[in-house]
Amino acid sequence: MDWRGWAEIVFTIALTVAVGWPLGIYMTRVWTGERTPLDPVLKPVEAGFHAALGIDRNKGQSWLGYAVALLAFSAAGFVLLYALLRLQGLLPLNPQGFGGVSPHLAFNTAVSFVTNTNWQSYGGETTLSSLSQMAGLTVQNFVSAGAGLAVAAAMARAFAADRGESLGNFWVDLTRNVLYVLLPLSIATALALVAAGVPQSLLAGVTARTLEGADQVIALFPVASQEAIKQWGTNGGGLFNVNSAHPFENPTPLTNLIEVVSLNALAFGTVVAFGRVAGARREARALLAAMVILVGLGAAAIYSSETLTPQPAMVAAGIIDAPANMEGKEVRFGAAASALWAAMTTGASNGSVNSMHASYMPLGGGVAMFLIQLGEILPGGVGSGLYGMVVMALLAVFVAGLMVGRTPEYLGKKVEAREIKFAMLAVLILPLAILGFSAVSAALPAALESLLNTGPHGLSEILYAYSSAAGNNGSAFAGLSANTPWWNTTLGIAMLLGRFAYAVPVLAIAGAIAAKPKLAPTAGTLPSDSPLFVGLLVGIILILGGLQFFPALALGPIVEHFQVLAAAR
Amino acid sequence: MIANLRPAIVSMVLFTALLGLAYPLGVTGLAQLLFPAQAGGSLIRNAAGGIVGSRWIGQSFRDEGYLRPRPSAAGEDGYDASNSSGSNLGPLNQDLAARVKADAAALRGESDAPIPVDAVTTSGSGLDPHVSPANAERQVLRIAAARKAPAAEVQALIAANTEGSTFGLFGEPRVNVLAVNLALDARWPRAQR
């Protein structure tokens, strides 16, 4: 490790927050329906959408109505994407001539994109046509993120309401978040990426004759347009098998900076917008601080692990002064930019990678996995990170309330049994899906055949896969060959649980919160904007995550770490 | 639920048209207009117009007179630019240890200088277009001998194709392998193969 690496990590995180902040102020206007600079262009488009959808934009929905609309929209998206993938061979814009996708892979991929997970069981350049990439995956990249932002907006309104019932209108929120936020950001970013070297081509590829006279077939795609929304929408599913490690997705340190900032800025911005809509700016800053502290610690831990842990293969080959573990990393990024990306993508439910986590040192890969298991709230997916963080804040005030024996409050709303029950329901989904499926897979010979590595690293491959799926992250210990009926199906189920068995209780909480009277803080209220509260929140997040997953992590990355130290001696 | 049927279906159709077709095709049009070289894959052509490769996509070089890239796990023989892949081998994997050992032994036959870590590790993509400056430096004498060229000139040519960290802060110093090899061939032309 060196000072430049540390400076790159600190500066990039600071820049991400600095970009997210004004975005949050802008998003506040989008959520509340105020005028924005883009109105002259987008207002007519929005009105056209409302007319075609047949909705009344002023008609609010109860939490249940909002939840049903979310589910109906996701179901429609799933059916369309599944059909598109299955029929790919018969449809146009297929210059590569790929056939239809197998049923279990189409199920997995459709679920993966509808839930904003973007787990890649498919190998982009070897399986999917340009049409599937554009009309299928790119569309879900936008709308699954838009749906997440919609739920976050509903949550913000719940705290602003005083004995209210409506959480807003899902269709209005979805349309506005896609049109006003995601689309303009993506267009600008896509063009910036092309300028910096990312291709945007409809050709299937070109054949080069190398200087040594060999033929090299170079796969091409409309890369930049998908890369942009993949990052802004915290989707993470790449056009290419190796995602943003591929030099066409991410050719230079500059494109890497653009991509890693756009990976997290919108999630930070969502917190700012939440604070403004809910009338709790200082409290939102406390949530932001907790996110930055934890993801910063994660990045520091991974960078340290990748540069300080001796690599047994190098030691055995007599290469003793290796400055970093470079297996699975690109020269242009090195350890610092790779470790930072690993922390930001796993903290954020993005799941894109610019290096291969499977080849990380045990603690580096373990921290990445742990960041996912903390619930994808650091800062999490766009929208989903915010509402996950609010659930944690409710649990934090609840625990504090238990300690002093009074009914807790958060942002002027009493937190009572109903909210805590739903919060527990939501947070228990992750361990249920991750540990439950991992336990079964670890005992199933057919599942174990997919592992590349054995021993503790093999267990890590399993744990990482289900953590990634249930957390709607999508990154992988890619040694796992997940394109089999067992893995595609169970990972798909884990993704559905992680998305909808989480979002629906969250909307139920929002409904209950909205109906409560807004209280003025009293002397007995725990201030939720203080460093003390940030500490409490960080503690709750770590203890919830740590207690649930520590035994499993001890058998995977932690024991492997000691094996590595022993082997490198 | 029924009331949601129309908005659910209609919105997916509209979004597919707007985001799945208009957006990528519009961006493609603009990109091809504004930045045609980058949008087309930053391809490098020879004097006759044939495509030699892409500036961003690593290639295999085995000849002694060329700068050699990192090992690659893309495709069967490495550097398969339509099948990107890392090795995904964990730190304790025996295949990794065996591969590094064999590669290190071969490299020691070339030079006594310490082996840079990127010379014995596969990249994440298997298509890394760069090597570290130390890795390039270690190959100077071999290239110079094969081309019967002064080592200092080879060294200068590599230095000219070396980039530092962007803005002094982002990313690592690196040498573009294909750019160096094109420059080598331009400076010391070799018999047509």
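Scoring rules and cut-offs
- Residues numbered from 1 in each chain as written.
- Chains lettered and ligands numbered in written order.
- Predicted model: local features only at pLDDT ≥ 70, side-chain atom pairs only at ≥ 80, totals over all residues.
- Helix = DSSP H or I, 4+ residues; strand = E, 2+ residues; numbered from the N terminus.
- Rg over C-alpha atoms; globule rule 2.2 N^0.38 Å.
- Buried ≥ 20, exposed ≤ 12 C-beta atoms within 10 Å, placed from the backbone.
- Contact = placed C-beta atoms within 7 Å.
- Domains from an automatic or database assignment.
- pLDDT = per-residue confidence, 0-100.
- Pairing = 2+ DSSP bridges.
- Axes fitted to C-alpha atoms, helices over the stretch in contact; angles between N-to-C directions.
- Parallel < 35°, antiparallel > 145°, perpendicular 65-115°, else oblique.
- Left-handed = near helix turned anticlockwise from the far one by under 90°.
- Nonpolar A, V, L, I, M, F, W, Y, C, P; charged D, E, K, R; others polar.

Visitor: When you look at the overall build of chain B in this model, what are you seeing that I'm missing?
Guide: For chain B, the helix and strand inventory stands at seven helices and five strands. Mapped in sequence order, the helices and strands of chain B form the string α-α-β-β-α-β-α-α-α-β-β-α. Here the C-alpha radius of gyration of chain B, 22 Å, is well above what a compact globule of 193 residues would show, namely 16 Å. The C-alpha extent of chain B, read off along each of the three principal axes, is 75 × 45 × 40 Å. Put simply, chain B has 193 residues, and 49% of those count as buried. Sequence separation of 24 or more characterises 53% of the internal contacts of chain B that already satisfy a separation of 6 or more.

Visitor: Mind showing me how you'd approach the domain arrangement of chain B here?
Guide: Quite often, the size of an interface is put as the accessible area lost when its parts meet. Each assigned domain of chain B is listed with its residue range as follows: domain 1 (2–36) and domain 2 (41–187). Of note, the centres of domain 1 of chain B and domain 2 of chain B, computed from C-alpha atoms alone, are 40 Å apart.

Visitor: Looking at this structure, how should I read the confidence of the model for chain B?
Guide: Parts of the prediction with low pLDDT should not have their coordinates interpreted in detail. Averaged over all residues, the pLDDT of chain B is 94; the fraction at 70 or higher stands at 98%. ipTM for the predicted complex: 0.96, alongside a pTM of 0.94.

Visitor: Sorry, what's going on with the sheet that holds strand β5 (residues 174–176) of chain B here?
Guide: The strands that make up a sheet pair up through hydrogen bonds in the backbone, lying either parallel or antiparallel. All names here are of chain B. In spatial order, the strands read β3-β5-β4; together these three strands make up an open sheet with antiparallel pairing. Strand pairing shows two members of the sheet lacking a second neighbour, β3 (130–131) and β4 (162–163), which therefore form its edges. As paired elements, β3 and β5 share two bridges and run antiparallel to each other. Within the sheet, the bridge partner assigned to His 130 lies in β5 and is Asn 176. Here helix α7 (residues 177–187) sits on the sheet in contact with β3 and β5, set at roughly 55° to β5.

Visitor: Looking at this structure, I do not really get the pairing of strand β2 (residues 51–54) of chain B. What am I missing?
Guide: A regular strand carries its side chains on alternate faces of the sheet. Residue and element names in this part refer to chain B. Where strand β1 (residues 43–45) meets β2, three bridges bridge the pair, whose relative direction is antiparallel. The residue of β2 that forms the bridge with Arg 45 is Ile 51. Linking β1 to β2, which pair antiparallel, is a turn of five residues; within it Gly 49 sits at a positive phi near 95°.

Visitor: Help me out: how do you make sense of the pairing of strand β1 (residues 205–209) of chain A in this one?
Guide: All names here are of chain A. In terms of strand pairing, β1 meets strand β2 (residues 215–219) through five bridges, oriented antiparallel. Bridged to Val 206 within β2 is Ile 218. In this antiparallel pair of consecutive strands, β1 and β2, the connection spans five residues, and Gly 213 shows a positive phi of 90°.

Visitor: Whenever I open this one, the packing of helix α13 (residues 362–373) of chain A against helix α19 (residues 531–567) of chain A confuses me. Can you help?
Guide: Relative orientation and spacing of two packed helices are given, respectively, by the angle between their axes and the distance between those axes. Residues and elements named next belong to chain A. Direction vectors running N to C along α13 and α19 enclose 170°, while the axes themselves pass 9 Å from each other. Between α13 and α19, the angle falls in the class roughly antiparallel. Viewed along their axes, α13 and α19 form a crossing whose handedness is right-handed. Touching Pro 362, Leu 363, Gly 365, Gly 366, Met 369, Phe 370 and Gln 373 of α13 are Gly 545, Phe 549, Leu 553, Gly 556, Pro 557, Ile 558, Glu 560, His 561 and Val 564, all from α19. Taken together, the residues of the contact of α13 with α19 sort by class into nine nonpolar, six polar and one charged.

Visitor: Whenever I open this one, the interface of chain B and chain A confuses me. Can you help?
Guide: Opposite the 86 residues of chain B that make contact, chain A presents 105 residues. Broken down by secondary-structure element, the contributors of at least two residues to the side of chain B that touches chain A are α1 (5–34), α2 (36–39), β2, α3 (94–108), β3 and α7 of chain B. By residue number, the principal contributor to the side of chain B that touches chain A is α1 of chain B, which donates 20 residues. By residue class, the composition of the side of chain B that touches chain A is 42 nonpolar, 34 polar and ten charged.

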